[in-house]
Amino acid sequence: MGKVTKFGDDGEEVTMKETPTSHQPEAQDDVSMADAGEEGEEGEEEYEGEEEGTKVRLLPGSTPTAASFEFLEENHTLGNALRYVIMKNPDVEFCAYAIPHPSEAKMNVRIQTYEGTNAVDALRKGLRDIQDLCDVVSDKFLEARKDFTEKKAAASA
(Lines give C-alpha, C1' and ligand atoms only; values in the text may rest on other atoms or scores of the structure.)
Protein backbone atom coordinates (compact mmCIF):
# COMPACT_ATOMS: atom_id res chain seq x y z
CA MET A 1 0.00 0.00 0.00
CA GLY A 2 1.21 3.50 -0.79
CA LYS A 3 0.82 6.66 1.21
CA VAL A 4 -1.04 9.84 0.32
CA THR A 5 -0.21 13.12 2.00
CA LYS A 6 -3.18 15.25 2.87
CA PHE A 7 -3.05 18.66 4.46
CA GLY A 8 -5.74 19.32 7.05
CA ASP A 9 -7.65 22.59 7.35
CA ASP A 10 -5.08 23.83 9.87
CA GLY A 11 -2.23 23.14 7.41
CA GLU A 12 -0.96 20.13 9.37
CA GLU A 13 0.38 17.26 7.26
CA VAL A 14 -1.53 14.00 7.71
CA THR A 15 -0.41 10.73 6.11
CA MET A 16 -3.15 8.41 4.95
CA LYS A 17 -2.96 4.97 3.39
CA GLU A 18 -4.52 4.35 0.01
CA THR A 19 -7.06 1.64 -0.63
CA PRO A 20 -5.49 -1.82 -0.33
CA THR A 21 -4.41 -3.22 -3.69
CA SER A 22 -6.99 -5.98 -3.37
CA HIS A 23 -9.70 -3.30 -3.62
CA GLN A 24 -8.19 -1.50 -6.60
CA PRO A 25 -9.09 -2.45 -10.16
CA GLU A 26 -6.47 -4.13 -12.29
CA ALA A 27 -3.99 -1.70 -13.82
CA GLN A 28 -4.68 -0.44 -17.31
CA ASP A 29 -2.79 1.84 -19.64
CA ASP A 30 -2.80 5.55 -18.86
CA VAL A 31 -5.61 7.49 -20.49
CA SER A 32 -6.04 11.19 -21.01
CA MET A 33 -8.85 13.09 -19.33
CA ALA A 34 -10.63 13.29 -22.70
CA ASP A 35 -10.87 9.49 -22.72
CA ALA A 36 -11.72 9.24 -19.02
CA GLY A 37 -15.47 9.41 -19.57
CA GLU A 38 -15.40 6.22 -21.61
CA GLU A 39 -14.99 3.47 -19.04
CA GLY A 40 -12.75 0.56 -19.91
CA GLU A 41 -11.25 2.18 -23.00
CA GLU A 42 -7.48 2.05 -23.01
CA GLY A 43 -5.34 4.84 -24.41
CA GLU A 44 -1.74 5.90 -24.80
CA GLU A 45 0.09 7.97 -22.20
CA GLU A 46 -1.05 11.40 -23.24
CA TYR A 47 -1.39 14.86 -21.79
CA GLU A 48 -4.02 17.46 -22.60
CA GLY A 49 -2.89 21.00 -22.98
CA GLU A 50 -1.63 23.79 -25.09
CA GLU A 51 1.42 24.14 -27.32
CA GLU A 52 3.91 22.54 -24.94
CA GLY A 53 1.84 19.40 -24.43
CA THR A 54 -0.57 18.36 -21.78
CA LYS A 55 -0.30 19.04 -18.11
CA VAL A 56 -2.84 16.55 -16.76
CA ARG A 57 -3.30 12.84 -17.23
CA LEU A 58 -5.46 10.18 -15.66
CA LEU A 59 -3.32 7.59 -13.90
CA PRO A 60 -3.89 3.84 -14.34
CA GLY A 61 -6.19 2.02 -11.96
CA SER A 62 -8.78 4.77 -11.94
CA THR A 63 -12.52 4.15 -11.93
CA PRO A 64 -15.33 6.61 -12.68
CA THR A 65 -15.79 7.44 -8.98
CA ALA A 66 -12.16 7.12 -7.81
CA ALA A 67 -9.39 8.56 -9.94
CA SER A 68 -5.81 9.74 -9.63
CA PHE A 69 -4.47 12.52 -11.83
CA GLU A 70 -0.92 13.63 -12.51
CA PHE A 71 -0.22 17.33 -13.09
CA LEU A 72 3.07 18.38 -14.66
CA GLU A 73 4.89 21.56 -13.62
CA GLU A 74 2.59 22.16 -10.62
CA ASN A 75 3.27 22.32 -6.90
CA HIS A 76 1.66 22.96 -3.51
CA THR A 77 0.23 26.30 -4.67
CA LEU A 78 -2.30 24.65 -6.97
CA GLY A 79 -2.43 21.38 -5.02
CA ASN A 80 -3.67 22.77 -1.74
CA ALA A 81 -6.08 25.24 -3.38
CA LEU A 82 -7.49 22.51 -5.63
CA ARG A 83 -7.87 20.07 -2.73
CA TYR A 84 -9.69 22.70 -0.68
CA VAL A 85 -12.09 23.70 -3.48
CA ILE A 86 -12.82 20.11 -4.53
CA MET A 87 -13.58 19.10 -0.94
CA LYS A 88 -16.22 21.87 -0.82
CA ASN A 89 -18.16 19.88 -3.44
CA PRO A 90 -20.78 17.83 -1.55
CA ASP A 91 -20.52 15.03 -4.14
CA VAL A 92 -16.84 14.44 -3.29
CA GLU A 93 -16.01 11.94 -0.56
CA PHE A 94 -12.21 12.37 -0.53
CA CYS A 95 -9.59 14.55 -2.19
CA ALA A 96 -5.86 14.72 -1.49
CA TYR A 97 -2.73 15.65 -3.34
CA ALA A 98 0.89 14.59 -3.12
CA ILE A 99 4.18 15.76 -4.53
CA PRO A 100 5.91 12.41 -5.24
CA HIS A 101 9.43 13.82 -5.01
CA PRO A 102 10.71 17.38 -4.60
CA SER A 103 13.10 17.05 -7.54
CA GLU A 104 10.27 16.14 -9.94
CA ALA A 105 7.88 18.83 -11.11
CA LYS A 106 4.83 16.60 -10.68
CA MET A 107 1.78 16.67 -8.46
CA ASN A 108 -0.70 13.83 -8.03
CA VAL A 109 -4.32 14.43 -7.05
CA ARG A 110 -6.65 11.66 -5.85
CA ILE A 111 -10.42 12.22 -5.98
CA GLN A 112 -13.08 9.84 -4.72
CA THR A 113 -16.73 10.71 -5.26
CA TYR A 114 -20.02 9.28 -4.12
CA GLU A 115 -21.94 7.05 -6.54
CA GLY A 116 -23.52 8.98 -9.37
CA THR A 117 -20.71 11.54 -9.61
CA ASN A 118 -17.70 11.24 -11.91
CA ALA A 119 -14.22 12.04 -10.51
CA VAL A 120 -13.18 13.70 -13.78
CA ASP A 121 -16.22 15.99 -13.58
CA ALA A 122 -15.33 16.83 -9.97
CA LEU A 123 -11.81 17.81 -11.08
CA ARG A 124 -13.16 19.96 -13.92
CA LYS A 125 -15.60 21.67 -11.54
CA GLY A 126 -12.79 22.29 -9.05
CA LEU A 127 -10.59 23.86 -11.70
CA ARG A 128 -13.48 26.05 -12.95
CA ASP A 129 -14.25 27.13 -9.37
CA ILE A 130 -10.62 28.14 -8.78
CA GLN A 131 -10.62 30.08 -12.04
CA ASP A 132 -13.86 31.86 -11.05
CA LEU A 133 -12.39 32.67 -7.63
CA CYS A 134 -9.24 34.10 -9.22
CA ASP A 135 -11.38 36.22 -11.57
CA VAL A 136 -13.29 37.68 -8.61
CA VAL A 137 -10.07 38.45 -6.71
CA SER A 138 -8.56 40.06 -9.80
CA ASP A 139 -11.66 42.20 -10.40
CA LYS A 140 -11.75 43.33 -6.76
CA PHE A 141 -8.05 44.18 -6.83
CA LEU A 142 -8.32 46.20 -10.05
CA GLU A 143 -11.35 48.04 -8.68
CA ALA A 144 -9.56 48.85 -5.41
CA ARG A 145 -6.44 49.99 -7.28
CA LYS A 146 -8.55 52.27 -9.51
CA ASP A 147 -10.28 53.79 -6.45
CA PHE A 148 -6.92 54.30 -4.75
CA THR A 149 -5.34 56.06 -7.73
CA GLU A 150 -8.44 58.27 -8.17
CA LYS A 151 -8.37 59.26 -4.48
CA LYS A 152 -4.62 59.89 -4.65
CA ALA A 153 -5.04 62.06 -7.77
CA ALA A 154 -7.92 63.99 -6.14
CA ALA A 155 -5.87 64.56 -2.96
CA SER A 156 -2.86 65.90 -4.83
CA ALA A 157 -4.97 68.23 -7.03
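Residues numbered from 1 in each chain as written. Predicted model: local features only at pLDDT ≥ 70, side-chain atom pairs only at ≥ 80, totals over all residues. Heavy atoms only, no water.

Within an unreviewed UniProt entry, the label attached to the protein chain reads DNA-directed RNA polymerases I and III subunit RPAC2, and the organism entered is Neurospora tetraspora. The record held by UniProt for the protein chain lists under Subcellular location (unreviewed entry) the comment "Nucleus". (UniProt positions renumbered as here; feature names shortened; annotations may be inferred.)

(A) Structural context of the pattern of salt bridges. Following the criterion strictly, the structure yields 5 salt bridges and no others. Where K106 meets E70, a salt bridge forms, and the shortest distance between an N and an O atom there is 3.8 Å. Note that K106 is positioned in strand β7 (residues 106-113) and E70 in strand β5 (residues 66-72), a separation of 36 residues in sequence. Put simply, R57, E70 and K106 are held in one network by salt bridges that share partners. (Salt bridge = Lys/Arg side-chain N within 4 Å of Asp/Glu carboxyl O. Helix = DSSP H or I, 4+ residues; strand = E, 2+ residues; numbered from the N terminus.)

(B) Up close: the nonpolar core. Ranked by size, the top nonpolar core spans 20 residues in total, and within it F69, F71, L82, I86, V109, I111 and L123 carry the most contacts. Counting residues per element, this core draws most heavily on helix α2 (residues 119-156), at 5 residues. Dropping the residues within four chain positions of it, I111 is found in contact with T65, A66, A67, F69, I86, V92, F94, C95, A119, A122 and L123. (Core = buried A, V, L, I, M, F, W, Y, C linked by side-chain atoms within 4.5 Å. Buried < 20%, exposed > 50% of the residue type's maximum accessible area, 1.4 Å probe, protein only. Contact = heavy atoms within 4.5 Å.)

(C) Representation of helix α1 (residues 76-87). Under the 1.5 Å per step criterion, the end-to-end length of α1 is 16 Å for 12 residues, consistent within 8% with the ideal 16 Å. Those residues of α1 lying buried are L78, G79, L82, R83, V85 and I86. One side-chain oxygen of the residue at the start of α1 lies 2.9 Å from the amide nitrogen of T77, identifying that residue as N75. (Expected span 1.5 Å × (residues − 1). Polar contact = N/O pair within 3.5 Å; in protein donor to acceptor, adjacent residues only side chain to side chain.)

(D) Quick peek at the pairing of strand β6 (residues 92-98). Of all 7 residues that make up β6, 6 are buried, and the element is covered over most of its length. Relative to β7, β6 is paired through 6 bridges, and the arrangement is antiparallel. Counted as the bridge partner of F94 is Q112 from β7. (Pairing = 2+ DSSP bridges.)

(E) Representation of the environment of D121 within the structure. Among the secondary structure elements, D121 is positioned in helix α2. For the pair D121 and T65, spaced 56 residues apart in sequence, the C-alpha to C-alpha distance is 9.7 Å.

(F) How the structure looks around a negative patch on the surface. A surface patch of negative charge is lined by D132, D135, D139, E143, D147 and E150. Secondary-structure assignment places E143 in helix α2. Exposure remark for E143: the relative accessible area of 49% places this residue in the partly exposed category. (Patch = residues over 30% accessible without salt bridge, like charges linked within 9 Å, V, L, I, M, F, W, Y side chains within 5 Å. Areas by Shrake-Rupley, 256 points an atom, 1.4 Å probe, with all protein chains shown as cover. Lys, Arg positive; Asp, Glu negative; His and termini not counted. Charge placed at Lys NZ, Arg CZ, Asp CG, Glu CD.)

(G) Geometry of the packing of α1 against α2. Closest axis-to-axis distance for the α1/α2 pair is 9 Å, and the angle between their directions is 110°. Taken as axis vectors, α1 and α2 run roughly perpendicular relative to one another. Of the residues in α2, those in contact with L78, A81, L82, V85 and I86 of α1 are A122, L123, G126, L127, D129 and I130. By residue class, the composition of the contact of α1 with α2 is 9 nonpolar, 1 polar and 1 charged. (Axes fitted to C-alpha atoms, helices over the stretch in contact; angles between N-to-C directions. Parallel < 35°, antiparallel > 145°, perpendicular 65-115°, else oblique. Nonpolar A, V, L, I, M, F, W, Y, C, P; charged D, E, K, R; others polar.)

(H) How the structure looks around unusual backbone geometry. A positive phi angle, close to 60°, is found at E73, a residue other than glycine. Its place among the elements puts E73 in the loop between β5 and α1. We classify E73 as exposed; its relative accessible area is 60%.

(I) Looking closely at α2. Along its 38 residues, α2 runs 55 Å from first to last C-alpha, staying within 8% of the 56 Å computed at 1.5 Å per residue. Among the residues of α2, those classed as buried are A119, V120, A122, L123, G126 and I130. Looking at the buried positions of α2, the neighbouring elements they touch are β4 (53-58), β5, α1, β6 and β7.

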